[in-house]
Amino acid sequence: MKQPRPMIDRYRWYELLGIYAGIFCLLFFCLAPFIEGFNVSLKPLSLLFSSPYRFWPENPSFEAYRTMWVSVPAFGRYVVNSLFVAGVVTALVIVLVVPAAYALSRFRFPGQSAILGGFLTVNMVSGAVLLIPLFRLMRSLGLLNTYFAMIVPGAAFLIPTAIWLLRAYMLRIPRELEEAAWADGASRFYIFRRVILPLATPGIIVTAIATFLGAYAQQFVYAVTFNSKTEYMPLPVGLFAFFGRQEVSWNELMAASFVGIAPALIVILILQRYLVAGLTAGAVKE
């Protein structure tokens, strides 16, 4: 029996050329800001606005990656604070979201649709709208000028998105597996721990990555509102420190931005195998 040709071999040469040209244009459109930002970090400040414009600097230098630590001495502390806050928020969200997503994907109870709709409503509300009531709440709880001032609201606004993301993945897990374990006398908690959690691992990791990136990047408003001490400030506030009264150190700012996104990039590279498995789940009908 003749084996069918792979799908990619069924295209003509000019169709393949158009496909790869489209992919290249899309990648360039997505990566162009990062490429330009990296080029800016390699240029001295005096040549950033020189004419004519040069895409690649004539004498590239990594001097800005050294001087940025001198311009903002506490920048390392800012990065550590962001990693700590994002890590705690991610752990807190996953602990709360995994059982909630399982319950919303397996049980039917009155008000379930209203709860899911409420989660979507929370996502549509900007955190800036609730700054005043949140500030009063943090002050009454004694959480101002602490890490919890960023952890609590950060987790609260990321939980709805995480529930929707993980619930969609758990809906794909066949109910027959649970029914078979139930027929063998397994308890509900045993089924959840030994059947559901191993199968939902890719989805949990995807949810954790999305939560970590959201918590790592969206800390500026909460930090400047609920904190006034440098030792608790996160990375976005550290980047804002490069904006001076007279001028902006754009090359150092870009260098600090790339240093700041390096931890998040490392996390994605380490977990990319699970990330691809979770994102492509459900793409093919089984």
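None of these values were measured; they are calculated from a predicted model.

## A closer look at the environment of Thr-67
Here Thr-67 is to be found in helix α2 (residues 63-71). Judged by relative accessible area, which is 19%, Thr-67 ranks as buried. Separated by 188 residues in sequence, Thr-67 and Ala-255 have C-alpha atoms that sit 9.6 Å apart.

## Points about a nonpolar patch on the surface
On the surface, a nonpolar cluster with roughly 1,200 Å² of combined accessible area is contributed by Tyr-11, Ile-19, Tyr-20, Ile-23, Leu-27, Leu-31, Phe-34, Ile-35, Tyr-53, Phe-55, Trp-56 and Ile-261. Among the elements that make up the nonpolar patch, the one with the highest residue count is helix α1 (residues 13-41) (seven residues). Secondary-structure assignment places Ile-261 in helix α12 (residues 250-270).

## Details of the environment of Asn-227
When you line up the elements, Asn-227 lands in the loop between α10 (220-226) and α11 (235-240). Residues Asn-227 and Arg-77, 150 residues apart in the sequence, show an inter-C-alpha distance of 15 Å. If we skip the residues at most four places from it in the chain, Asn-227 touches Leu-144, Asn-145, Thr-146, Ala-149, Met-150, Tyr-222, Tyr-232 and Met-233. Among the polar contacts listed, one links the side chain of Asn-227 to the backbone nitrogen of Thr-146, at a separation of 3.1 Å.

## Looking at unusual backbone geometry
Phi is positive for Asn-145, which is not a glycine, with a value near 60°. Since its relative accessible area comes to 22%, Asn-145 is described here as partly exposed.

## Looking at the state of the cysteines
Between two cysteines, a covalent bond joining their sulfur atoms is known as a disulfide. Per the stated rule, a full pass over the model turns up zero disulfides. With no disulfide partner, Cys-25 has as its closest neighbouring cysteine sulfur the one in Cys-30, 11 Å distant. Among the residues examined, Cys-30 registers a relative accessible area of 41% and is labelled partly exposed.

## So, the domain arrangement of the protein chain
You can read the domains of the protein chain as domain 1 (7-61) and domain 2 (73-272). A separation of 32 Å is found between the C-alpha centroids of domain 1 and domain 2. Buried surface at the junction of domain 1 and domain 2, both sides included, amounts to about 650 Å², of which 78% is carbon and sulfur. At the junction of domain 1 with domain 2, the criterion picks out zero salt bridges. Taken together, the links from domain 1 to domain 2 amount to one residue pair in polar contact (both at pLDDT 80 or more). Tallied by class, residues from the side of domain 1 that touches domain 2 come to seven nonpolar, two polar and one charged.

## A few points about the packing of aromatic side chains
Inspection of the entire model under this criterion finds 17 aromatic pairs. For the pair Phe-24 and Phe-28, a centre-to-centre distance of 6.5 Å together with 20° between the ring planes defines the contact as stacked. Here the residue Phe-24 and the residue Phe-28 both occupy positions in helix α1, the gap between them amounting to four residues, near one helical turn. By relative accessible area, Phe-24 is classed as exposed at 57%. By the ring-pair criterion, three or more aromatic residues cluster together here, those being Phe-38, Phe-62, Tyr-65 and Phe-258.

## Regarding the pattern of salt bridges
Counted by the stated rule, this structure contains three salt bridges. In this structure, the salt-bridge partner of Glu-178 is Arg-106, at a minimum N-O distance of 2.2 Å. With Glu-178 in helix α7 (residues 175-183) and Arg-106 in helix α3 (residues 75-106), the pair connects residues that are 72 residues apart, well separated along the chain. Glu-178 sits in the buried class, given a relative accessible area of 6%. In this structure, the salt-bridge partner of Glu-178 is Arg-188, at a minimum N-O distance of 3.6 Å. Linking Glu-178 in helix α7 with Arg-188 in helix α8 (residues 188-199), this pair joins segments that are 10 residues apart in sequence.

## Here we look at the nonpolar core
Formed by 63 residues in total, the largest nonpolar core has its most connected members in Phe-75, Val-89, Val-93, Val-97 and Met-170. Among the elements that take part in this core, α3 stands out by supplying 13 residues, more than any other. Discounting chain neighbours no more than four positions away, the residues touching Val-97 are Ile-159, Ala-162, Ile-163 and Leu-166.

## Comments concerning the side chain of Arg-106
Of the residues examined, Arg-106 reaches a relative accessible area of 9% and is grouped as buried. Beyond its immediate sequence surroundings of up to four residues, Arg-106 is in contact with Met-170, Leu-171, Ile-173, Pro-174, Arg-175, Glu-178 and Ile-196.

What counts and how
Residues numbered from 1 in each chain as written. Predicted model: local features only at pLDDT ≥ 70, side-chain atom pairs only at ≥ 80, totals over all residues. Heavy atoms only, no water. Helix = DSSP H or I, 4+ residues; strand = E, 2+ residues; numbered from the N terminus. Buried < 20%, exposed > 50% of the residue type's maximum accessible area, 1.4 Å probe, protein only. Patch = residues over 30% accessible without salt bridge, like charges linked within 9 Å, V, L, I, M, F, W, Y side chains within 5 Å. Areas by Shrake-Rupley, 256 points an atom, 1.4 Å probe, with all protein chains shown as cover. Salt bridge = Lys/Arg side-chain N within 4 Å of Asp/Glu carboxyl O. Contact = heavy atoms within 4.5 Å. Polar contact = N/O pair within 3.5 Å; in protein donor to acceptor, adjacent residues only side chain to side chain. Disulfide = S-S within 2.5 Å. Domains from an automatic or database assignment. Buried area = accessible area lost by both parts, 1.4 Å probe. Nonpolar A, V, L, I, M, F, W, Y, C, P; charged D, E, K, R; others polar. Phe/Tyr/Trp six-rings, centres within 6.5 Å; stacked < 30°, edge-to-face > 60°. Core = buried A, V, L, I, M, F, W, Y, C linked by side-chain atoms within 4.5 Å.

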